[in-house]
Amino acid sequence: MAAREPAPEHVALLEKLIGALKTRGILTEEQLAAKKAATEKASPETGARMVARAWTDPAFRQRLITDGTAAAEEFGISLAGNPPLGVLEDTAELHHLVVCTLCSCYPRVVLGFPPHWYKSAAYRARAVRDPRGVLAEWGTMIPAGTQIRVVDSTADYRWMVLPVRPEGTEGWSEERLATLLGAEELVGVALPKLAQAKAA
Amino acid sequence: MSPRYAAGSKVVVKNNRPETLMRLHLRTPHYVRGRQGTVLRALGSFPNPEDLAFNRPAPEKMLYHVLFEQQPVWNEGEAGDTLLVELFEHWLEPVEG
């Protein structure tokens, strides 16, 4: 991910910290490399594949809702050393919206780095207080009959939304269904839309 | 460790401000302090982050998903909309009746 060059004093501080952890036997170069590789590899494509599988495989759907961590491990994603993954099932009557008001907790193992807007003070403050207003600004209109449940990721879990499978996707392959899903759909600020699907 | 509160229990979040007394890594948002909610389910036990982040002994505490109605919290919003927050057991008290 493109980012600003880190300040030299921050790099120096980081190197000292890593050195101290290695000296005390708390961290090895191999562990650090493995963690870096896993972090760089994580992207919303993983969460998208999991949701697409849940849309086509009722048994997997049940496992995903019951134990997100185990379901992620079925996809070869190790959550060792990471917080457990919880999955929030949307229905026609209930829409979930994920926010972290206290910081920027985000299900990184299945969605990668959190987007800037997710970490912004404005999103964090407003999503809990005026979810329908925030969603409207994303162009996401939730019908009055559908309740909104804002999930504030305050502690030891990380949460991903399992959206409702859109109508008109009957017979689609898992791969094609996954193209309907990105970070926005998987934290609930947007609903999967057929317009953004790629051709089969 | 077994949860003190079963799913469906009515609880009230303590209206405490321990951050004024000591340094701790609090995971209890201000907007739910003093508010009444309903336990959706127990999420398991985790080392208490209030102490863990400051390298103090951090015994495990039971964590819950607690559901709050939007309107009483903010005095605005749509009826039926809710907030779901992860809260530790030592922040919760039972609501009688």
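Values in this document were obtained by computation on a predicted structure and should not be read as measured data.

### Here's the deal with the overall build of chain B
Thinking step 1. If you tally the helices and strands in chain B, you get two helices and five strands.
Thinking step 2. Computed over C-alpha atoms, the radius of gyration of chain B comes to 14 Å, within 12% of the 13 Å expected from 2.2 N^0.38 for 97 residues, which places it in the range of a compact globule.
Thinking step 3. Judged by the C-alpha coordinates and their principal axes, chain B covers about 45 × 30 × 20 Å.
Thinking step 4. Scored against the burial criterion, the 97 residues of chain B give a buried share of 42%.
Thinking step 5. Sequence-distant contacts, at least 24 apart, represent 59% of the contacts inside chain B between residues at least 6 apart.
Thinking step 6. Of the roughly 5100 Å² of accessible surface on chain B, a fraction of 49% belongs to carbon and sulfur atoms.
Thinking step 7. Within chain B, one finds 11 positive and 12 negative side-chain charges whose respective centroids are separated by 6 Å.

### Some words on the pairing of strand β3 (residues 60-69) of chain B
All names here are of chain B.
Thinking step 1. Extensive coverage of β3 is indicated by the burial of seven of its 10 residues.
Thinking step 2. The pairing of β3 with strand β4 (residues 82-88) spans seven bridges and is antiparallel. Bridge pairing in β4 links histidine 65 to glutamate 86.

### A look at the packing of aromatic side chains
Aromatic ring pairs are described here by two measures, namely the spacing of the ring centres and the angle between the planes.
All names here are of chain A.
Thinking step 1. Tallying each qualifying case throughout the model produces 10 aromatic pairs over all chains.
Thinking step 2. Aromatic pair tyrosine 157 and tryptophan 159: ring centres 5.0 Å apart, planes at 15°, arrangement stacked. In this structure, tyrosine 157 and tryptophan 159 share a single accessibility class: buried.
Thinking step 3. Through a chain of ring-to-ring contacts, the aromatic side chains of Tyr106, Trp117, Tyr118, Tyr123 and Trp138 assemble into a single cluster.
Thinking step 4. Its guanidinium or amino end placed over the ring of phenylalanine 60, arginine 53 lies 5.8 Å from that ring's centre, counting from NZ or CZ.
Thinking step 5. Its guanidinium or amino end placed over the ring of tryptophan 172, arginine 176 lies 3.7 Å from that ring's centre, counting from NZ or CZ.

### Observations regarding the interface of chain B and chain A
Thinking step 1. At the junction of the two partners, chain B supplies 24 residues and chain A supplies 23 residues.
Thinking step 2. Buried surface at the junction of chain B and chain A, summed over both partners, amounts to about 2100 Å²; 49% is from carbon and sulfur atoms.
Thinking step 3. Where chain B touches chain A, the interface holds three salt bridges.
Thinking step 4. For arginine 129 of chain A, the salt bridge goes to glutamate 76 of chain B, with nearest N and O atoms at 3.2 Å.
Thinking step 5. Summed over the shared surface of chain B and chain A, the result is 17 residue pairs in polar contact (both at pLDDT 80 or more).
Thinking step 6. Of all the elements in the fold, those that place two or more residues in the side of chain B that touches chain A are β2 (36-47), β3, α2 (70-74) and β4 of chain B.
Thinking step 7. In terms of residue count, the dominant contributor to the side of chain B that touches chain A is β4 of chain B (six residues).
Thinking step 8. Here four bridges tie strand β3 (residues 147-152) of chain A to β4 of chain B, and the two strands are oriented parallel to one another. In the strand pairing of β4 of chain B, valine 151 of chain A is matched with leucine 84 of chain B.

### Some words on the domain arrangement of chain A
Thinking step 1. Taken as a whole, chain A is organised into domain 1 (9-39) and domain 2 (43-196).
Thinking step 2. Its C-alpha centre places domain 1 of chain A at a distance of 31 Å from the equivalent point of domain 2 of chain A.

The rules behind these values
Residues numbered from 1 in each chain as written. Chains lettered and ligands numbered in written order. Predicted model: local features only at pLDDT ≥ 70, side-chain atom pairs only at ≥ 80, totals over all residues. Heavy atoms only, no water. Helix = DSSP H or I, 4+ residues; strand = E, 2+ residues; numbered from the N terminus. Rg over C-alpha atoms; globule rule 2.2 N^0.38 Å. Buried < 20%, exposed > 50% of the residue type's maximum accessible area, 1.4 Å probe, protein only. Contact = heavy atoms within 4.5 Å. Areas by Shrake-Rupley, 256 points an atom, 1.4 Å probe, with all protein chains shown as cover. Lys, Arg positive; Asp, Glu negative; His and termini not counted. Charge placed at Lys NZ, Arg CZ, Asp CG, Glu CD. Pairing = 2+ DSSP bridges. Phe/Tyr/Trp six-rings, centres within 6.5 Å; stacked < 30°, edge-to-face > 60°. Lys NZ or Arg CZ within 6 Å of the ring centre and 35° of its normal. Buried area = accessible area lost by both parts, 1.4 Å probe. Salt bridge = Lys/Arg side-chain N within 4 Å of Asp/Glu carboxyl O. Polar contact = N/O pair within 3.5 Å; in protein donor to acceptor, adjacent residues only side chain to side chain. Domains from an automatic or database assignment.

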